[in-house]
Structures are given as C-alpha cells and as structure tokens.
Amino acid sequence: MTRIVQSLAEISAPYDALFCDLWGCLHNGVAAFPAAVAALQAFRATGGRVVLLTNAPRPAKYVIATLDRLGVPRDAWDLVVSSGDAAQDAMFAGAIGRKVWHLGPAKDNGFFEEVPEAWQGQPGVTRVPLEEAEGIVCTGPFDELNEVPEDYRPRFLLAKTRGLPLLCANPDIVVDMGETRIYCAGALAALYEEMGGEALYFGKPHPPVYDLARRRLAALGVAEDARILAIGDGVNTDVAGAAGEGIDALFVTGGLAADQFGPDVEAPDAELLDTWLAARQQAPQFAIGHLR
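Residues numbered from 1 in each chain as written. Predicted model: local features only at pLDDT ≥ 70, side-chain atom pairs only at ≥ 80, totals over all residues. Heavy atoms only, no water.

Where an unreviewed UniProt entry is consulted, the chain appears under the name TIGR01459 family HAD-type hydrolase, with the organism given as Paenirhodobacter huangdaonensis.

Below, the structure is given as structure tokens:
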C-alpha cells in the first residue's frame, strides 16, 4: 500500500536528490505554491539537491524565465531539466530529418532558436510547411486554450500517408492552467499513433530525460547511485517514470486527479487511493495531498 504522508520532511532524510515536477506540484501555470516552495527550500537547507524535472517542451532557459515570472525563488532548486532539452538533442541529431513542421504555439519557438552548445556549428534544422517536411516536431496545439486533438486529424492523415515521424517534446496529455485544463503535445502524439503514425517521446516517463537529469546531477558532484525521490501529480508520467527508473515516488494527489480521492484534497482517502492506483497498475511509495 502507498503510504500517505503530511509533509516532504517526514520522508526526505534518506534521499540525496529530488526529481520534482512543476505543473500541479510547484505551480499551476499562474502562480507558485508557497508551501511547495518552502518544502524544497527546507530540503536544500539539509544539503539535498533539487532537480526540477519537467515535461515542458522548451529548453531549460525558458522554463527558468517562467519560474521567475511565477514567483518561484531560485533558492528552491539547483537544476532545471526539461523534456524540451532531451527532445532538442534528438532533433538536432537528425532523428526526424532536417526539414520539420512545427506543431505548437509561438511561445515554444525557443525550441528551435536556442541551439544547445553541443550542436553549435553542426547541421541545422529548418522549419517548413507540412507539405515539405521530413518530420514533425510537436510541442502542443497551436491554440492550447481552444483546440482539441481531433482538430488535427486531417493534417495528421496527410502526415501519416507521407510516413512522417512525430517528435513529441512533451508527453503530458493535459495540464491545468489555473482553473483551465488544456491539452499538451502528448495528446496529439497519442492521436497520431492511434491513426497509425510513428511518435518518438523524450520526456517523462521515457528514459532520455532521466538520463539527462542524472548526468547533470553528476556534474554537481552527486553520485550516480544517489538516492533519488521523484515527486509529481502525473500517474502515467511522474509515477510510471520513477518506477521504470527504479526510484521512489511521492504522488501528489491534489493535482490532475484531485477529484478522485475524497472531499478533502489535503487528506486523500487511503482506500480510494489504493483502488485507483491498482487500476492503473502503479504503486508509488508515498502520496501527499499537496507538496508541503
């Protein structure tokens, strides 16, 4: 059974580092959660390292700018590692060709404009119309507040017919922006696969983003075999990814699935939680209403 805890400090002593999700755990896309910020600051004060591990489809530089805007202080974390970082490496390596159609909002343009140091001076990637593309880079819908995956079925039919691979820079299906639930690139990639297309994933729960996070932790002097605790509200991303990597997980029940565990978001019902997790074949070591 998953142990329900009241605070991160209750269980954090055995861990050297945290892989902490952003949306639903540290902020809601509109503002930071003060209790979550304080919990991360307290963990760092004991010598622990905090890696903000996010499925944001943008390089870390742009994620950090968003965190600053939302009021997340820089003393709450050590590193930011994004799905965009891992997916960028694959794109510049030529995983889906050199001419790509970008499916995503303008805020994700940094995915193409911020060329990683390792790829400076190497063959570039050009954005072209779908009809000229060798592959698709998907960072989300063009209009994430109003569009749904089905809106892309006609274009995906053309892409599938042409055999275009789709690089998914954010495996999340949905996130909550304040009170509004919006679709992410993962929902579009799922539709493309359902239609018979090929999708490549680089964020949680897939290994590339964890490999990148571990390498960057090692550069800070944290041993590769460090005890790591993953924190997140995504059962199919944060929890499943932690299980696949052999690391412990703290499931934040008050995020995406907040309405599943009883009337008190801060006190999830243990029986409801275990039944819900069993139906999804997941068993995180710990759960908490909100990170604090």
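Anyway, onward from the coordinates.
Novice: Sorry, what's going on with the packing of aromatic side chains here?
Specialist: The description of an aromatic ring pair rests on the distance of the ring centres and on the angle between the ring planes. Applying the stated rule across the entire model yields nine aromatic pairs. A ring pair is formed by phenylalanine 19 and tyrosine 210, whose centres lie 6.3 Å apart and whose planes are at 45 degrees; its orientation type is tilted. With a gap of 191 residues between them, phenylalanine 19 in strand β2 (residues 17–20) and tyrosine 210 in helix α7 (residues 207–219) connect regions that are remote in the sequence. Accessibility expressed as a relative area gives 2% for phenylalanine 19, which makes it buried. Given a relative accessible area of 1%, tyrosine 210 falls into the buried group. Centre to centre, the rings of tryptophan 101 and phenylalanine 142 are 6.0 Å apart; their planes meet at 65 degrees, and the pair counts as edge-to-face. Residue tryptophan 101 is located in strand β5 (residues 99–103), and its partner phenylalanine 142 is located in the loop between β7 (135–138) and α5 (153–161); the two are separated by 41 residues in the primary sequence. (Phe/Tyr/Trp six-rings, centres within 6.5 Å; stacked < 30°, edge-to-face > 60°. Helix = DSSP H or I, 4+ residues; strand = E, 2+ residues; numbered from the N terminus. Buried < 20%, exposed > 50% of the residue type's maximum accessible area, 1.4 Å probe, protein only.)

Novice: Mind showing me how you'd approach helix α6 (residues 185–194) here?
Specialist: The α-helix advances 3.6 residues per turn, and as a result positions three or four apart in sequence lie on the same side. Judged by how many residues are buried, α6 sits mostly within the fold: seven of ten residues are covered. Among the residues of α6, Ala185, Gly186, Ala187, Leu188, Ala189, Leu191 and Tyr192 are the ones counted as buried. Buried residues in α6 make contact with β5, β7, α5, β8 (165–168), β10 (180–183) and β11 (198–201). Looking one or two residues beyond α6, the residue adopting positive phi is glycine 196, at roughly 100 degrees. (Contact = heavy atoms within 4.5 Å.)

Novice: Please clarify how the side chain of histidine 102 should be interpreted in this entry.
Specialist: For histidine 102, the position within the fold is in strand β5. Among the polar contacts made by the side chain of histidine 102, one reaches the side chain of threonine 139 at a distance of 3.0 Å. Not counting residues up to four positions away in its chain, the partners in contact with histidine 102 are Asp108, Asn109, Phe112, Arg127, Val137, Thr139 and Phe142. (Polar contact = N/O pair within 3.5 Å; in protein donor to acceptor, adjacent residues only side chain to side chain.)

Novice: I would appreciate a short explanation of the domain arrangement of the chain in the present structure.
Specialist: A common way to report how large an interface is uses the accessible area buried once the components associate. Looking at the chain, the domain boundaries give domain 1 (3–84 + 206–288) and domain 2 (95–201). Approximately 1,500 Å² of surface area, both sides summed, lies buried where domain 1 meets domain 2, with 57% of it carried by carbon and sulfur atoms. Among the residues of domain 1 in contact with domain 2, Trp23, Pro57 and Leu256 are the three that bury the most area, contributing 35% of the side total. Along the contact surface separating domain 1 from domain 2 lie two salt bridges. Between glutamate 114 and lysine 61 there is a salt bridge; the shortest N-O distance is 3.2 Å. Our count for the contact surface shared by domain 1 and domain 2 stands at six residue pairs in polar contact (both at pLDDT 80 or more). Those elements that place two or more of their residues in the side of domain 1 that touches domain 2 are α2 (60–70) and α3 (83–92). (Domains from an automatic or database assignment. Buried area = accessible area lost by both parts, 1.4 Å probe. Salt bridge = Lys/Arg side-chain N within 4 Å of Asp/Glu carboxyl O.)

Novice: Looking at this structure, how should I read the pattern of salt bridges?
Specialist: Side chains carrying opposite charge are able to pair once their charged atoms draw close together. Applying the stated rule across the entire model yields 17 salt bridges. With a closest N to O distance of 2.9 Å, aspartate 21 and lysine 204 form a salt bridge. With a gap of 183 residues between them, aspartate 21 in the loop between β2 and α1 (34–45) and lysine 204 in the loop between β11 and α7 connect regions that are remote in the sequence. Exposure remark for aspartate 21: the relative accessible area of 7% places this residue in the buried category. Classification of lysine 204 by relative accessible area gives buried; the value is 3%. Of the charged contacts in the structure, one is a salt bridge between arginine 74 and aspartate 68, with a shortest N-O distance of 2.6 Å. Classification of arginine 74 by relative accessible area gives exposed; the value is 51%.

Novice: Where do I start with the sheet that holds strand β13 (residues 248–252) in this structure?
Specialist: The strand order across the open sheet built from seven strands is β1-β14-β13-β12-β2-β3-β4, with neighbouring strands paired in parallel fashion. Every other strand in the sheet has two partners, leaving β1 (3–4) and β4 (79–82) as the edge strands with one partner each. Bridging between strand β3 (residues 49–54) and β4 involves four bridges; their strand directions are parallel. Within β4, the residue paired with valine 51 across the bridge is leucine 79. On the sheet, α1 packs against β2 and β3 and is oriented at approximately 140 degrees with respect to β3. Running over the sheet, α2 touches β3 and β4 and is turned about 120 degrees from β4. (Pairing = 2+ DSSP bridges. Axes fitted to C-alpha atoms, helices over the stretch in contact; angles between N-to-C directions.)

Novice: How should I be thinking about empty space enclosed by the protein in this particular structure?
Specialist: A water-sized probe rolled over the atoms picks out the places where empty space is left. In the structure shown here, the tally under the stated rule is four cavities of 30 Å³ or more. By volume, the largest cavity is sized at about 190 Å³. Lining the largest cavity we find 22 residues, and of these Trp23, Pro57, Asn170, Val175 and Cys184 sit closest to its centre. For the lining of the largest cavity, the secondary-structure elements that each account for two or more residues are β9 (174–177) and β10. Looking at the lining of the largest cavity, you find at least three residues from each of domain 1 (3–84 + 206–288) and domain 2 (95–201). Considered as a void within the structure, the second largest cavity measures approximately 50 Å³ in volume. Phe19, Cys20, Asp21, Leu53, Lys204, Tyr210, Ala230, Ile231 and Asp238 are the residues that line the second largest cavity. Counting only elements with at least two residues in the lining of the second largest cavity, the list comes to β2 and β12 (228–232). (1 Å grid on protein atoms, 1.4 Å probe; cavity = no way out; pocket = protein on both sides within 12 Å on 5 of 7 lines; lining within 4 Å. Points joined across faces, edges and corners; volume = space filled by probe spheres on them.)

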